[in-house]
Amino acid sequence: MLNEKYALLKSGTDIRGVAVDGVEGDIVNLTDDVISEITYGYVLWVEEKKGKKAQDMTFAVGRDCRISGEHIASVVIEALLSCGIHVLDCSLSSTPSMFMTTVDAGCDASIQITASHHPFNRNGLKFFVREGGLDHADITAILEHAQNGDKPDCSKRGTAEKIDYMSHYAEHLCNIIKREVAAEDYDHPLKGFHIVVDAGNGAGGFYESKVLRVLGADTTGSKFLDPDGMFPNHIPNPEDPDAMKSICDAVLENHADLGVIFDTDVDRGGAVDHFGKEINRNRLVALSSYLALEGNEGGTVVTDSITSTGVKDYLENVLGAKHYRYIRGYRNIINKAIELNEQGINCPIASETSGHVAMRENYFLDDGAYLCTKIIIKMAQLKREGKTLESLVADLKEPKEAVELRFKITEHDFKSAGLKVIENLTKYAEERESWHIAPDSREGIRVSFDQNDGDGWFLLRLSVHDPILPLNIESDSVGGVEIIKEKVLSFLRTQDGIIV
C-alpha cells in the first residue's frame, strides 16, 4: 500500500507533483531522488511486462515546454542509462508522439514529462508501451517499487542519442492529409485554405510550421506558437474560456476557414469554424463521432458521463449509432471502448467533452493533432462538394443554458462520503415521480425533467481525483438551469460532510 508521500504523486493514470518553487503553499515533492526512484520502478514494470532485461531495451524520453521539463528529462535519462537502456532523447515533444515511438521507432517503452494544462510549477510523467498508456494499477505498481527502493540491474551503462522525432511524426500527419484529400496538387492539399493555430505557448506550435505550412495552408494570424513554460498568454487548455476566445478571435480577425487549438502536450484539441463558433465539448464529440463512424455505420460511441441530451439524440437518431455513456476520465472511456471491441462490438471512438478523443484507427490514442488532422481532411473534402464542416453538426441540439457547480467534501474519507451523498440522492429521486433517472447512467446519478419542470437534466458525480462533488446542469429553456439547481440544492443542504 502506498504511503502518503507516494500516494500524493498518483494522478489517475499519470504521475504528477510540484516540481519547482514559486506558488505559495505548494511544496516541491517531485525531487530528483523521487524522479529517479519512479524511473527505476517503471523500468522494473516494463521488464516484467516485456520479459526482457533493461540492457536489451530502448526507451524514448520526451517533454513539453514546462520550465522544469529539461531538468527532469535529464534526471530520467540518467536513471535509464544507469540501467543499461538505450535512450532516444526526443526533447520537446507532444505526448501522443511519445506513444508513436513504440509503434515506428523501435522503442520498448517511452516516458513523456508533462503535467498537461496544470500550473507552471507542476510537472509529471506519463508512460507508454506498444499496447498503449498505463492504467491505475500499473501506476500503483511503479510507485510501490519506488517506495520500496527497488532497482533493476545497474551493472552496465546504456547509451543515449538525440533524435528529432517530432519532424518524423509531423511528416506522418502530412502523409495522412495528402493521401486522404488526394488533391490535384498532391503535395499541397491545403493550398487555398486559411487555417490559424493557437498553441498556447505549449508543444503544439509544430503543427503550424511542420504540417499546415508544409501542405500549402495560409497560417497568417496563428498565435502563441513559441514554447514558453510560464504560459504568459492564456492557459493552454481547450476547455478554458479565455483560450477558446483567443482562437475564436483569431479566426474572425483573419477571416480564416478554420482555427485549431491544443493543450500543452497536444493530447487534446479543439477547433473553431469560419463563423468563429467553437467546435468544442458537445460539438467536438458530435463531429469526431461523425468522422469515426464513416465506414462504421451503426457503431458504438463511448463518451464521458456529462455529454448533453442533444449529443445522445444526434448520435442515435441522426447518425444511427449506439451511445455508451461512461465514467469521466480519458483512460476510463478508452479502456471501455477497447473492452467493447474485444467483446465483438464495433466501437470506433471514445470521445470526452474535455477534448480527449481517441479513435480505433489511431491505436485508441488520444491525440489532439490527429483529431485536428481528421477535421481538416473532412473540411477539404467537403469543400469539393460545396459543403462546410458546420453542416455536419447542424442537427445537433444544443442546450440553452449550462452550468457546472463544485461542492467540497469535508470528510477525510471523501470517496465514501461522496458516494453516500449520491446514494441518498438516488433514493430521494426514486421517490419523486417527476424526477426521471437515466437508465444508462454509469457514473453518479443523472436525472432529467420535463419541459414544464426545468426542461433539462443534472448529473451529480464524484470527482476522479479530488474531494469534490461536481454538479452539471443543462436546460433547453431559458431559466431552466435555475429551476433544476434549486431542486438539487434543496436536497444537498440536508447532507452532512459537504459544503453547499
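The structure under discussion appears in the preceding block.
For the structure given in this document, a descriptive report is provided here. Just so we're clear, the structure is a prediction, and the values are computed from it rather than from any experiment. (Residues numbered from 1 in each chain as written. Predicted model: local features only at pLDDT ≥ 70, side-chain atom pairs only at ≥ 80, totals over all residues. Heavy atoms only, no water.)

## Observations concerning the overall build of the chain
Stated precisely, the cut-off is as follows: Here a strand is any run of E in DSSP of at least two residues, a helix any run of H or I of at least four, and the numbering for each starts at the N terminus. Every radius of gyration here is taken over C-alpha atoms, with the globule rule written as 2.2 Å times N^0.38, N being the number of residues. Partly exposed describes any residue whose relative accessible area lies between the buried limit of under 20% and the exposed limit of over 50%, with all areas from a 1.4 Å probe on protein chains only and scaled to the type maximum. The contact rule is simple, with two residues in contact once any of their heavy atoms fall within 4.5 Å. Counted as positive: Lys and Arg. Counted as negative: Asp and Glu, with His and the chain ends omitted from the count. Taken as the charge centre is NZ of Lys, CZ of Arg, CG of Asp or CD of Glu, depending on the residue.
Helix and strand content of the chain: 14 helices and 22 strands. The globule rule puts the C-alpha radius of gyration for 500 residues at 23 Å, and the 23 Å found for the chain is close to it. With the C-alpha coordinates aligned to their principal axes, the bounding extent of the chain is approximately 70 × 60 × 50 Å. Buried positions account for 58% of the 500 residues belonging to the chain. Here the analysis covers contacts within the chain between residues at least 6 apart in sequence; of these, 68% occur between residues at least 24 apart. In the chain, 53 side chains carry a positive charge and 80 a negative one; their mean positions are 2 Å apart.

## A word on the pattern of salt bridges
Which entries qualify depends on this criterion: A carboxyl oxygen of Asp or Glu within 4 Å of a side-chain nitrogen of Lys or Arg is what we treat as a salt bridge.
Taken as a whole and judged by the stated rule, the model has 35 salt bridges. With a shortest N-O distance of 2.7 Å, Asp249 and Lys245 are connected by a salt bridge. Remark: Lys245 and Asp249 occur in helix 8 (residues 241–253); sequence separation between them is four residues, near one turn of the helix. We classify Asp249 as partly exposed; its relative accessible area is 24%. Residue Lys427 is joined to Glu423 by a salt bridge in which the shortest nitrogen-to-oxygen separation is 3.4 Å. Taken as a pair, Lys427 and Glu423 lie in helix 13 (residues 414–430) at a separation of four residues, close to a single helical turn. According to the relative accessible area criterion, Lys427 is partly exposed, its value standing at 43%. Given a relative accessible area of 37%, Glu423 falls into the partly exposed group. Taken together, the salt bridges that share partners define one network made up of Glu239, Asp263, Arg268 and Arg281.

## A closer look at the side chain of Asn121
Along the chain, Asn121 turns up in the loop between strand 5 (109–113) and strand 6 (122–129). Overall, Asn121 belongs to the buried group, its relative accessible area being 1%. When sequence neighbours within four positions are dropped, the list of residues in contact with Asn121 reads Val18, Ala19, Val20, Val23 and Asp26.

## Some remarks on helix 11 (residues 330–342)
Here is the rule: Take the residue count of a helix, subtract one, and multiply by 1.5 Å to get its expected span.
For helix 11, which comprises 13 residues, the first-to-last C-alpha distance of 19 Å matches the rise-based estimate of 18 Å (1.5 Å per residue) to within 8%. When we look at burial in helix 11, the residues that qualify are Tyr330, Arg331, Asn332, Ile333, Ile334, Lys336, Ala337 and Leu340. Phi turns positive, to about 90°, at Gly344, one or two residues after helix 11.

## Overview of the packing of aromatic side chains
Stated formally: We call Phe, Tyr and Trp rings a pair once their centres come within 6.5 Å, taking the six-membered ring for Trp, and we label the pair stacked below 30 degrees between planes, edge-to-face above 60, and tilted otherwise. Here, over-ring charges are defined by two tests on the NZ atom of lysine or the CZ atom of arginine: distance to the ring centre within 6 Å, and angle to the ring normal within 35 degrees.
As enumerated under the stated definition, the model contains 14 aromatic pairs in all. Note on Tyr428 and Phe491: the rings are 4.9 Å apart at their centroids and 40° apart in plane angle, and the pair reads as tilted. Here Tyr428, found in helix 13, pairs with Phe491, found in helix 14 (residues 480–492); they are 63 residues apart in sequence, far enough to count as distant. Pairwise contacts between aromatic rings join Tyr428, Trp435, Phe449, Phe458 and Phe491 into one cluster. Here Lys383 stacks its cationic end above the ring of Phe193, 4.6 Å away from the centre of that ring.

## Quick word on the pairing of strand 11 (residues 269–272)
Formally: We treat two strands as partners when DSSP finds at least two bridges between them.
Neither face of strand 11 is left uncovered, since the one carrying Gly269 and Ala271 and the one carrying Gly270 and Val272 both have all their residues buried. Direction of pairing for strand 10 (residues 258–262) relative to strand 11: antiparallel, over a ladder of four bridges. What sits directly across from Ile261, in strand 11, is Gly270. The turn linking strand 10 back onto strand 11 is made up of six residues, and Val266 within it adopts a positive phi angle of 70°. Relative to strand 12 (residues 278–279), strand 11 runs antiparallel, the two being bridged by two bridges. The residue of strand 12 that forms the bridge with Ala271 is Ile279. The antiparallel hairpin formed by strand 11 and strand 12 contains five residues in its connecting segment, where Gly276 sits at a positive phi of about 85°.

## With respect to the nonpolar core
Heads up, the rule is: Among buried residues, the Ala, Val, Leu, Ile, Met, Phe, Trp, Tyr and Cys ones that are joined through side-chain atoms within 4.5 Å form a nonpolar core.
Grouped together as the largest cluster of nonpolar side chains are 65 residues, with contacts concentrated most on Phe206 and Tyr207. When near neighbours in sequence (up to four residues on either side) are disregarded, Tyr207 contacts Leu173, Ile177, Val197, Leu212, Val260, Phe262, Ala369, Cys372, Thr373 and Ile376. Among the nonpolar cores identified, the runner-up in size contains 40 residues, and Leu30, Leu80, Ile113 and Val129 belong to it.

## Topic: the pairing of strand 3 (residues 58–63)
To keep things clear, this is the line we draw: For the handedness criterion, the strands are oriented away from the viewer, and a crossover whose path from the first strand over the helix to the second runs clockwise is classed as right-handed.
Burial of strand 3 is extensive: six of the six residues sit out of reach of the surface. Pairing of strand 3 with strand 4 (residues 86–92), which is carried by six bridges, proceeds in the parallel orientation. Across the sheet, Gly62 pairs through a bridge with Ser91, a residue of strand 4. For the crossover that starts at strand 3, traverses helix 3 (residues 69–82) and ends in the parallel strand 4, the hand is right-handed.

## Quick look at the sheet that holds strand 22 (residues 468–475)
One open sheet accounts for five strands, arranged 18-22-21-20-19; its pairing is antiparallel. Of all strands in the sheet, those bounded by a partner on one side alone are strand 18 (401–408) and strand 19 (436–437). Judged from the five bridges that link them, strand 21 (residues 456–460) and strand 22 form a sheet pairing that is antiparallel. Note on strand 22: the bridge partner recorded for Leu460 is Leu471.

Remember, this is a structural readout, not a statement about activity or role.
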